[in-house]
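Analysis of the macromolecular model
As a plain string of letters, each chain reads:
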Amino acid sequence: MSKHLTKRGEDYSKWYNELIVKADLAETSAVRGCMVIKPYGFAIWENMQAELDRMFKETGHQNAYFPLFVPKSLFEAEEKNAEGFAKECAVVTHYRLQSDPDNEGKLRVDPDAKLEEELVVRPTSEAIIWNTYKGWIQSHRDLPLLINQWANVVRWEMRTRLFLRTAEFLWQEGHTAHATKGEALFEAKQMQEVYATFAEEFMAMPVVRGAKSESERFAGADETYTIEALMQDGKALQAGTSHFLGQNFAKAFDVKYTSREGKQEYVWATSWGVSTRLIGGLIMTHSDDAGLVLPPKLAPIQVVIVPIYKGEDQLNAIYDKISGLIAEFKAKGISVKFDDRDTMRPGAKFAEYELKGVPVRVAIGNRDLQNGTAEVARRDTFEKQTVQQDQLLDHISSLLEEIQENLYKKALDYREEHITEVNSFEEFKEVIKNKGGFVSAHWDGTIETEDKIKDLTKATIRCIPNDVKDEDGKCVLTGNASQRRVLFAKAY
């Protein structure tokens, strides 16, 4: 269990990889660069999915589904998008296999089954969706069109890491069409705020809301709005992006509508998405050397009850006493597990649930039955309390809220301590190398300077914060004039 987990201070990357496997979240698969998400890890994703889906629908969006395959000619239609993803594309060239005449029992690609046109396995769905929207949109009455899909995508990564970067991953992608630029900009910023609210209120992960620099924008976007989180090793994580696509895709796919005035106009577009990398962010924001630490709002099991007993009679007596409480927990929407396995000792169960990040553990034994008490332990601080059984429901309900708030506050305090203002490149390099976190520095606005800073320090512009104040200054590298500070960091 956690005793065999590498410490974060020894090797953060190794700790992360080991924790995912030991906590039973995911594992590498027989397919290079792809992962198997195991039931416990997928349960976290399902909880994320449920909350995000609710938030999307509350803002007027509907779910749909589009093909996995995109004809190459459609993919090429928006040049910046095609160029941006070209090197990551998996491509289908043939449509069947046949027995290999030279190797008995083996198969080969049928050389006569070559597709007339190659199919790209979607790295993102703008092309196939905007080709579809051309048939859906004729009039201003068809707008706005607010569509989301839950899907998998493939981006052919050579260096992979579970949840953070895999060749295939799960995500949602929103694709919307609007009559005016203003409506589309509002949509893109609204979805950035939806993501930020989800990250902070459910993941307990504080984020910086901001806009990407030109070189960091999504391929084919006029603006990319991002939420940036800070992990415990001082690296940033792009946790969600929302893109204002202007009329780029509408023009590429000739998607027009008839306005109220009877004119033919191109529509305005957005796209936005978050993926299973959020699970990686969740792990790295809160977890510790003992294992996962999960915020209660997303934990698959919020409360585990471990009976401590000798013999079946004591187990039955504990269950009879606790079964009504379990029903009350469930009625209140609290997920609870009663672990009566007889194949593990209580201490081993404690270690398992500690490793899996279950927010609250309740232990109850024969003496507790006599005294009307139970031991309650919280995962985030390891504090234990003896609580009267008739107060358990109220106590644990409050405790779950307290743990959620405590995790957010702890992460926020860390983030605030790791935003450092610098005014010279020597300071910049010192902070990036030794302290980590976000570096707030002036930048002259050029891609050349941005690239040079990245080459020298491996730090990139994470975002231009939404709440940045205008401030005359000098670029940290070139000394050229700058009107505002931006946030740099090393990033995943």
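In short, a report on the structure. For every chain, the first residue of the written sequence is number 1, and numbering continues from 1 along that sequence. Thresholds applied to this predicted model are a pLDDT of at least 70 for local features of residues and 80 or more for the giving and counting of side-chain atom pairs; totals over whole chains, interfaces and linings are not thresholded and use all residues. For the side-chain quantities, the full set of heavy atoms in the structure was used; hydrogens and water were omitted.

1. A short note on a nonpolar patch on the surface
Threshold: Exposure above 30% relative accessible area and the lack of any salt bridge qualify a residue for a patch; like charges then connect within 9 Å, and the nonpolar side chains Val, Leu, Ile, Met, Phe, Trp and Tyr within 5 Å. Surface accessibility follows the Shrake-Rupley procedure with a 1.4 Å probe radius. Residue values consider only the protein chains on display as shielding. One side-chain nitrogen of Lys or Arg within 4 Å of one carboxyl oxygen of Asp or Glu is enough to make a salt bridge. In this text, helices come from DSSP runs of H or I with a minimum length of four residues, and strands from runs of E with a minimum of two, each type numbered from the N-terminal end. The rule is simple: take the accessible area with a 1.4 Å probe, protein chains only, and divide by the maximum for that residue type; under 20% is buried, over 50% is exposed, in between is partly exposed.
A contiguous nonpolar surface patch, about 300 Å² in accessible area, is contributed by L97, L107 and V109. Relative to the elements of secondary structure, L107 occurs in strand β7 (residues 107–109). Taking relative accessible area as the criterion, L107 reaches 58% and is therefore assigned exposed.

2. Considerations on the packing of aromatic side chains
Remark: the centre distance and the inter-plane angle together describe each pair of aromatic rings, the angle taken between the planes. Spelled out, the test is: Any Phe, Tyr or Trp ring, taking Trp's six-membered ring, that has another such ring centre within 6.5 Å forms a pair; planes under 30 degrees apart are called stacked, those over 60 apart edge-to-face, and the others tilted.
Going through the model one piece at a time under the given rule, you end up with 16 aromatic pairs. Ring centres of F198 and F202 lie 5.7 Å apart, and the angle between their planes is 20°; this geometry places the pair in the stacked category. An identical accessibility class is assigned to F198 and F202; each is buried. With a centroid separation of 5.2 Å and 55° between ring planes, the pair formed by Y319 and F338 is classed as tilted.

3. Considering the sheet that holds strand β18 (residues 336–338)
Heads up, the rule is: By the convention used here, strands pair only if DSSP detects at least 2 bridges between them. Convention adopted: a line fitted to C-alpha atoms gives each axis, helices being fitted over their contacting stretch, and angles between N-to-C directions are expressed from 0 to 180 degrees. Any two residues whose heavy atoms approach within 4.5 Å at even a single point are treated as in contact.
Reading across from one edge, β18-β17-β19-β20-β21 is the order of the five strands in this open sheet, with mixed pairing throughout. Since the sheet does not close on itself, it has two edges, and those belong to β18 and β21 (384–388), each with one partner. Between one strand axis and the next, the sheet turns through 25° on average, direction left out of account. Sheet strands in contact with helix α9 (residues 311–331) are β17 (303–308), β18 and β19 (360–365), and its direction is about 170° off that of β18. Running over the sheet, helix α10 (residues 346–355) touches β17, β18 and β19 and is turned about 170° from β17.

4. Details of the pairing of strand β8 (residues 114–121)
It is a general feature of regular strands that their side chains alternate between the two faces of the sheet. Direction of pairing for strand β4 (residues 69–71) relative to β8: antiparallel, over a ladder of three bridges. Residue pairing in the sheet places P71 in a bridge with L119 of β8. For strand β5 (residues 90–94) and β8, the ladder comprises four bridges, and the chain directions are antiparallel. Looking at the pairing, A90 lines up with V121 of β8.

5. A word on the nonpolar core
Quick note on the threshold: In this description, a nonpolar core means a group of buried Ala, Val, Leu, Ile, Met, Phe, Trp, Tyr and Cys residues linked to one another through side-chain atoms lying within 4.5 Å.
Core analysis: the largest hydrophobic core is formed by 56 residues, its most contacted members being L25, M48, F163, F198, M203 and I283. Looking at this core element by element, the count peaks at seven residues for helix α2 (residues 39–58). In contact with I283, not counting residues within four places along its chain, are W15, Y16, L19, I20, L25, F163, Q232 and L292. Judged by nonpolar contacts, the second largest core, of 30 residues, contains F66, F75, W130 and L245.

6. Section: the pattern of salt bridges
The full count for this structure, using the stated rule, is 29 salt bridges. Put simply, D53 and K57 hold a salt bridge, and the shortest N to O gap is 2.7 Å. Of this pair, D53 and K57 both sit in helix α2, separated by four residues, roughly a single helical turn. Residues D470 and R484 are paired through a salt bridge, measuring 3.6 Å at the closest nitrogen-oxygen approach. In this pair, D470 is assigned in the loop between β24 (460–465) and β25 (473–474) and R484 in the loop between β26 (481–482) and β27 (485–489), connecting sequence segments 14 residues apart. Given the relative accessible area of 63%, D470 is considered exposed. Several salt bridges converge on common partners, so that one network encompasses D339, R341, K349, E352 and K356.

7. Topic: the side chain of K349
Counting through the fold element by element, K349 comes out in helix α10. Residue K349 is classed as buried on the basis of its relative accessible area, which comes to 2%. Aside from chain neighbours lying at most four places away, what touches K349 is V306, D339, D340, R341 and M344.

8. Here's the deal with the sheet that holds β5
Read across the open sheet, the three strands follow the order β4-β8-β5; overall the sheet is antiparallel. The sheet terminates laterally at β4 and β5, the two strands that pair on one side only. When the angles between neighbouring strand axes are averaged without regard to direction, this sheet yields 35°.

9. Brief notes about unusual backbone geometry
With an omega dihedral of -5°, the bond running from L143 to P144 counts as a cis peptide bond. If you trace the backbone, P144 turns up in the loop between α5 (126–136) and β9 (145–154). A positive phi angle, near 70°, is found at F163, a position not held by glycine. With respect to the helices, strands and loops of the structure, F163 is situated in the loop between β9 and β10 (168–178). For A204, which is not glycine, the phi torsion reads 55° and is therefore positive. Along the chain, A204 falls in the loop between α6 (181–201) and β11 (208–211).

10. A short note on the environment of D11
We count it as follows: Any N or O atom pair separated by 3.5 Å or less is treated as a polar contact, with the protein-specific requirement of one donor-capable and one acceptor-capable atom, and with residues adjacent in sequence counted only for side-chain atom pairs.
When you line up the elements, D11 lands in the segment before α1 (12–22). Between the alpha carbons of D11 and A481 there is a distance of 40 Å; along the sequence they are 470 residues apart. Within the structure, the side chain of D11 is placed 3.3 Å from the backbone nitrogen of S13, a separation counted as a polar contact.

11. Comments concerning helix α13 (residues 425–435)
Our working rule: Note that the arc is computed from the directions linking the helix axis to the C-beta atoms.
By the burial criterion, the buried members of α13 are F425, F428, V431 and I432. The buried residues of α13 all sit within an arc of 125° when viewed along its axis, so they share a single face. Residues of α13 that are exposed and point more than 90 degrees away from the buried face comprise E426, K433 and N434. Check the buried side of α13 and you find it contacts β22 (419–421), β23 (438–442), α14 (447–457) and β27. Count one or two residues on from α13 and you reach G436, which has phi positive near 80°.

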